[in-house]
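Architecture and fold: a report
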Amino acid sequence: MEFKNLITIGKDGLEIKDINGVRDMMDSLVYEAVFAEGDKKNDLLVLIKEIAKAAGAVPASIQSLYEAMGKAYPGFTVPAMNIRGLTYDTARVIFRKVLDMKVGPFIFEIARSEIGYTKQRPLEYSAVVLAAAVREGYRGPVFIQGDHFQLVRKYFLADPKPETDYIKGLIKEALDAEFYNIDIDSSTLVDLEKGTIKEQQRPNFEKTAELAHYIRELQPDGIEISIGGEIGEIGKKNSNPDELRAYLDGFKETFKGNRGLSKLSVQTGTSHGGVVLPDGSLAQVKIDFETLKTLSELARKEYGLSGAVQHGASTLPEDAFHMFPETGTSEVHLATGFQNIMYDSKSLPVEFREEVYNFIKQEYAKERKEGQTEEQFIYSTRKKGLGPLKKRWWDLPSKVKEPIMKELEAKFELLFNKLKVVNTTDFVAKTVKPVVVKKEINGEALGL
């Protein structure tokens, strides 16, 4: 691929000579980067990120916005979107809607588990998102987040050190890829057998404090990473004010630093992916919005956090989303609903869907739980058909992908309206000042 007529690399970094040419080449450049191997893949992904920063799409922390939210709730809930498949196409749709609707705060995120089964390491994920920003002409902060950087309970109890070291390695990899927002999830370590709520939460807040300190040690100069904590494992019992206070008081006593957490994830009745009925449909889920409101207000008034965060919300009925800003929720995480649109679209060829499902039945047969129907097994496992078959998804013809993107576009428009983030670019401009962190480009290897 020929770059020399479009960009130059000098002592001050990368400069763009022809922005229209750069935008036109992005489709082919990001495709080559994603499916390259070894050093070439890494070099191309870094190049894309540096092009994006030179074009004005800058990876940023949402910390300062959340500090402002902690002082006075602005009336909107920030959408945090996990993009598992067709990432480039979907991110382009998001940026188009953001520009059209003047949306300020929005987050792209990927969880520890998703990194594995979607085969998107942090550098690839951030580069693909930023490539989409360039392609659509977006300028401004791009909030990229490590979601559910979670300690797996059984591994931790077997031997805490390797599990902790794994999360530290993932944090470092994410920060190197310019994820400037990290959600630590050690809620899996809560021990309900202990006699007091504080002792139940102790392994949670102590491990969060340790990992938050690690993040602060690694964060680039001039950037304060936004760090989230979690008190209630999603899908388990609902959180309450006593747990919130026990966790945050314990964290404050344990964490040694100026800035701690910016938000707190709580459990109010949802589960990741929704609850699947035997026929493959989703059960209606009721969120305890009163608990969400109480915990958001408490987190802000007593601890200065942005508020409470809601996970597992994308499969809720559409008429529920307006409740998040009404209850003062600071952030809502959205994932499976977007995946469902992809898989269930009438535009997805039947033979391709069957190809993916047959792959799942063959490769993940051992994951089928006793008593699961075929529909339940497929629904709960089809997320794992995205990574191994990523190139097949990417290579779907435009006549297939474009109608799917139209469906996703309608979903994003609805969410942005319901969450009240329309016409919020001025708020972000006032509260967030992105800092450009320049990365070294291997110009010689790329022929630059």
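The structure this text deals with has already been given above.
Each value, and the rule that gives it
Residues numbered from 1 in each chain as written. Predicted model: local features only at pLDDT ≥ 70, side-chain atom pairs only at ≥ 80, totals over all residues. Heavy atoms only, no water. Axes fitted to C-alpha atoms, helices over the stretch in contact; angles between N-to-C directions. Helix = DSSP H or I, 4+ residues; strand = E, 2+ residues; numbered from the N terminus. Parallel < 35°, antiparallel > 145°, perpendicular 65-115°, else oblique. Left-handed = near helix turned anticlockwise from the far one by under 90°. Contact = heavy atoms within 4.5 Å. Nonpolar A, V, L, I, M, F, W, Y, C, P; charged D, E, K, R; others polar. Core = buried A, V, L, I, M, F, W, Y, C linked by side-chain atoms within 4.5 Å. Buried < 20%, exposed > 50% of the residue type's maximum accessible area, 1.4 Å probe, protein only. Polar contact = N/O pair within 3.5 Å; in protein donor to acceptor, adjacent residues only side chain to side chain. Arc of directions from axis to C-beta.

1. Let's talk about the packing of helix α13 (residues 336-344) against helix α17 (residues 398-418)
Orientation of α13 relative to α17, taken along the N-to-C sense of each, is 155°, at an axis distance of 9 Å. Relative to α17, the element α13 is oriented roughly antiparallel. Considering only the axes of α13 and α17, their crossing is right-handed. Residues Phe 338, Ile 341 and Met 342 of α13 form the contact with α17, whose own contacting residues are Ile 404, Glu 407, Leu 408, Lys 411, Phe 412 and Leu 415. Considering only residue class, the contact of α13 with α17 consists of seven nonpolar, no polar and two charged.

2. Regarding the nonpolar core
Within the largest apolar cluster, 138 residues are counted, with the highest numbers of intra-cluster contacts made by Phe 108, Ile 182, Phe 324 and Trp 393. Here this core gets ten residues from one element, more than from any other, and that element is helix α6 (residues 122-135). Ignoring anything within four residues of it in the chain, the contact list for Trp 393 reads Leu 86, Met 342, Tyr 343, Leu 348, Phe 352, Val 356, Gly 385, Leu 386 and Lys 401.

3. Comments concerning the environment of Glu 407
Position of Glu 407 among the secondary structure elements: in helix α17. For Glu 407, a relative accessible area of 33% gives the class partly exposed. In this structure the C-alpha to C-alpha distance between Glu 407 and Ser 347, which are 60 residues apart in sequence, comes to 10.0 Å. Ignoring sequence-local partners within four residues, the contact set of Glu 407 consists of Ile 341, Ser 345 and Ser 347. A distance of 2.5 Å separates polar atoms of two side chains, one belonging to Glu 407 and the other to Ser 345.

4. Re helix α3 (residues 63-71)
Buried within α3 we find Gln 63, Leu 65, Tyr 66, Met 69 and Gly 70. Across the axial projection of α3, the buried residues extend over an arc of 160°, all falling on one side.

5. Quick word on the packing of helix α1 (residues 19-35) against α6
Where α1 meets α6, the axes come as close as 9 Å, and the angle between the chain directions of the two elements is 165°. Between α1 and α6, the angle falls in the class roughly antiparallel. As for the relative orientation of α1 and α6, their crossing is left-handed in sense. For the pair α1 and α6, contact is made by Val 22, Arg 23, Met 26, Asp 27, Val 30 and Val 34 and by Glu 124, Val 128, Ala 131, Val 134 and Arg 135, respectively. Each residue belonging to the contact of α1 with α6 can be placed in one class, and the counts come to seven nonpolar, no polar and four charged.

None of the figures reported here should be taken as evidence of function without further support.
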